[in-house]
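Architecture at a glance
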Amino acid sequence: MFKIGYGYDAHRLTEQRKLIIGGVDIPYEKGLLGHSDADVLTHAVIDALIGALGAGDIGKHFPDSDMAYKDADSIVLLSRTYEMMKEQGFKVGNIDATVVAQKPRMASYIDAMRKNLAQALKCPTEAVNVKAKTTEGMAFEGRGEGISAHAVALITSD
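Residues numbered from 1 in each chain as written. Predicted model: local features only at pLDDT ≥ 70, side-chain atom pairs only at ≥ 80, totals over all residues. Heavy atoms only, no water.

1. Topic: unusual backbone geometry
Between Lys103 and the following residue, Pro104, the backbone shows a cis peptide bond with an omega angle of -5°. Among the secondary structure elements, Pro104 is positioned in the loop between strand E5 (90-100) and helix H4 (110-121). Look at Glu136: it is not a glycine, yet its phi comes out positive at around 55°. You can see Glu136 is positioned in the loop between strand E6 (128-133) and helix H5 (139-142). Judged by its relative accessible area of 68%, Glu136 falls in the exposed class. (Helix = DSSP H or I, 4+ residues; strand = E, 2+ residues; numbered from the N terminus. Buried < 20%, exposed > 50% of the residue type's maximum accessible area, 1.4 Å probe, protein only.)

Structure follows, in structure tokens:
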């Protein structure tokens, strides 16, 4: 059996926070504002996987109203999502994700992002694709107000 899910996340850029994307700490003057580490890429992937399972969304499983997730490492949450998939008899077929940000440039961090996501999902790095796009100055990403991410996940039954 094959199932497909789509995920999206966006967070506002703010001062006094680390910028964590795909589990990678990226040197930048701002970070993303959120209850957890605000890792938009990992959150989009989690949402895509939960969607493929037909199990709601990230907020249902890791609510921002729960202090247990305050400043949580999103890669750990992704590992928990993998366990949820495994319990239901599924594994990752592949992930395709896009980070949308005007700045900073992501190209030199993409391989590390792919490895972090694949490791948490216990799948080959080749099964995880990450792209980075700008919006040519348009929308909140282009104005430097925030960063968003989109992800599509294919899961397969064991």
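2. Some details on the sheet that holds E6
Pairing in this open sheet of five strands is mixed, and the strands run E4-E1-E7-E5-E6 from one edge to the other. Strands with a single pairing partner mark the edges of an open sheet, and in this sheet they are strand E4 (31-32) and E6. Sheet analysis places E5 next to E6, joined by six bridges and oriented parallel. When the bridges of E6 are listed, Val100 appears paired with Lys133. (Pairing = 2+ DSSP bridges.)

3. Some details on H4
Owing to its 3.6 residues per turn, the α-helix brings residues three or four apart onto one side. When the terminal C-alpha atoms of H4 are compared, their 16 Å separation across twelve residues agrees well with the 16 Å that a helix rising 1.5 Å per residue should span. Restricting attention to buried positions, one finds in H4 the residues Ile110, Met113, Arg114, Leu117, Ala118, Ala120 and Leu121. Down the axis of H4, the buried set is contained in an arc of 165°. They therefore lie on one face. Opposite its buried face, H4 presents the exposed residues Lys115 and Gln119, each directed more than 90 degrees away. Contacts from the buried residues of H4 go to strand E2 (19-21), strand E3 (24-26), helix H1 (40-53), helix H3 (74-87), E5 and E6. (Expected span 1.5 Å × (residues − 1). Arc of directions from axis to C-beta. Contact = heavy atoms within 4.5 Å.)

4. Focus on a nonpolar patch on the surface
Among the surface-exposed residues, Ile4, Tyr6, Tyr8 and Val152 lie close enough to one another that they form a single nonpolar patch of about 420 Å² accessible area. Top contributing element to the nonpolar patch by residue count: strand E1 (residues 2-14), with three residues. With respect to the helices, strands and loops of the structure, Val152 is situated in strand E7 (residues 146-157). (Patch = residues over 30% accessible without salt bridge, like charges linked within 9 Å, V, L, I, M, F, W, Y side chains within 5 Å. Areas by Shrake-Rupley, 256 points an atom, 1.4 Å probe, with all protein chains shown as cover. Salt bridge = Lys/Arg side-chain N within 4 Å of Asp/Glu carboxyl O.)

5. Comments concerning the layout of surface pockets
Roughly 240 Å³ of volume is contained in the largest pocket. Of all the elements in the fold, those that place two or more residues in the lining of the largest pocket are E1 and helix H2 (58-61). When its residues are assigned to classes, the lining of the largest pocket shows six nonpolar, six polar and two charged. (1 Å grid on protein atoms, 1.4 Å probe; cavity = no way out; pocket = protein on both sides within 12 Å on 5 of 7 lines; lining within 4 Å. Points joined across faces, edges and corners; volume = space filled by probe spheres on them. Nonpolar A, V, L, I, M, F, W, Y, C, P; charged D, E, K, R; others polar.)

6. Brief notes about the environment of Gly137
Relative to the elements of secondary structure, Gly137 occurs in the loop between E6 and H5. Residue classification places Gly137 among the partly exposed positions, given a relative accessible area of 40%. Along the chain, Gly137 and Gln88 lie 49 residues apart, while their C-alpha atoms are 42 Å from each other. Aside from chain neighbours lying at most four places away, what touches Gly137 is Gln102, Gly142 and Arg143.

7. Considerations on the nonpolar core
Ile21, Leu41, Val45, Leu49, Leu121 and Ile147 are the most contacted members of the largest nonpolar core, which totals 50 residues. Elements supplying a minimum of two residues to this core: E2, E3, H1, H3, E5, H4, E6 and E7. The greatest single-element share of this core, amounting to ten residues, is contributed by H1. Apart from the residues lying within four places of it in its own chain, the contact partners of Leu41 are Ile21, Gly22, Ala97, Val99, Met113, Leu117, Val130 and Ala149. (Core = buried A, V, L, I, M, F, W, Y, C linked by side-chain atoms within 4.5 Å.)

8. Some thoughts on the pairing of E5
The pairing of E5 with E7 spans ten bridges and is antiparallel. Looking at the pairing, Lys91 lines up with Thr156 of E7. Assessed by its sense of winding, the connection that carries the chain from E5 through H4 to E6 is right-handed. (Right-handed = clockwise from strand over helix to strand, strands pointing away.)

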